[in-house]
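Residue-level structural notes
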Amino acid sequence: MNKKKRIEILKRLCENNPKPTTELVYSSPFELLISVLLSAQATDISVNKATKKLYLIANTPEQILNLGLEELKSYIKTIGLYNSKAENIMKTCKILIDKYQSQVPEDRIALESLPGVGRKTANVVLNTAFGWPTIAVDTHIFRVCNRTRFAPGKTVELVEEKLLKVVPNEYKLDCHHWFILHGRYICIARKPRCGSCFIEDLCEYKEKVYPSE
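Residues numbered from 1 in each chain as written. Predicted model: local features only at pLDDT ≥ 70, side-chain atom pairs only at ≥ 80, totals over all residues. Heavy atoms only, no water.

To continue, consider the packing of helix α2 (residues 29-39) against helix α8 (residues 119-128). The interhelical angle for the contact between α2 and α8, taken along N-to-C directions, is 150 degrees, at an axis separation of 10 Å. By the angle class used here, α2 and α8 are roughly antiparallel. Handedness of the crossing formed by α2 with α8: right-handed. On α8, the residues touching Leu32, Leu33 and Val36 of α2 are Thr121, Val124, Val125 and Thr128. Here the residues of the contact of α2 with α8 sort into 5 nonpolar, 2 polar and no charged. (Axes fitted to C-alpha atoms, helices over the stretch in contact; angles between N-to-C directions. Helix = DSSP H or I, 4+ residues; strand = E, 2+ residues; numbered from the N terminus. Parallel < 35°, antiparallel > 145°, perpendicular 65-115°, else oblique. Left-handed = near helix turned anticlockwise from the far one by under 90°. Contact = heavy atoms within 4.5 Å. Nonpolar A, V, L, I, M, F, W, Y, C, P; charged D, E, K, R; others polar.)

Structure representation (structure tokens):
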């Protein structure tokens, strides 16, 4: 895909959604971090249902530690992998208290050192909570970038590297959310909604799917 097409795609994404953001519900960097940790292999809807109740009771590292592991599990048991996620959250809260004055560090290395936090989670927190021009690549973004040929790559790391190279600076802050929402609602995994796609004419996917098919 050439530069002209990429710019036009970004322009259309921007026009369609000028101020995109995460669908996770949060009110602080800490809440966002916990929600992103919980969202691995889970839907944002399921995470929001659980955290709506949890954050009313505990939304700081101290409060979650005071809940205890079993009580925390009772709030998040509807989310996949909740046992391991609960353990990682408890360990993360302890580290935040001991090392970072209970604050989420605005630092990639520090974030990635937290239990359960990988590059994708760190990118989301840096981008959404702190306004960094990072581009986290999840399964939706990986699919959209490869399918459209916007930024093809065999791994999420290669797709992220390509996106950081080809996306102009003015679009980097919002790029993650544009592509994730596009993948979640239009360029879906099993049967992409090509007939409803406003970048369909720019997309280089060779097996486009239309309603009559």
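Moving on, there is more to tell.
So, about the nonpolar core. Soluble globular proteins tend to bury their nonpolar side chains together. Within the largest apolar cluster, 32 residues are counted, with the highest numbers of intra-cluster contacts made by Leu33, Ile64, Leu72, Ile89 and Leu111. Those elements that provide at least two residues to this core are α2, α3 (44-57), α4 (61-67), α5 (69-76), α6 (82-100) and α8. Look past the residues within four positions of Leu111 in its chain and what remains in contact with it is Val104, Pro105, Val117, Ala122, Val125 and Leu126. If you look at the next biggest cluster of nonpolar residues, it comprises 24 residues, including Ile141, Trp178, Ile186 and Ile199. (Core = buried A, V, L, I, M, F, W, Y, C linked by side-chain atoms within 4.5 Å. Buried < 20%, exposed > 50% of the residue type's maximum accessible area, 1.4 Å probe, protein only.)

This part is about the packing of helix α1 (residues 3-16) against helix α11 (residues 169-185). Angle between the axes and distance between the axes: these two values describe a pair of packed helices. One can describe the packing of α1 onto α11 by two numbers: an axis separation of 10 Å at closest approach and a directional angle of 80 degrees. Between α1 and α11, the interaxial angle falls into the category roughly perpendicular. Facing α1, whose interface residues are Leu10, Lys11, Leu13 and Cys14, α11 presents Tyr171, Trp178, Phe179 and His182. Residue composition of the contact of α1 with α11, by class: 6 nonpolar, 1 polar and 1 charged.

Limitation: the analysis is restricted to geometry and does not speak to function.
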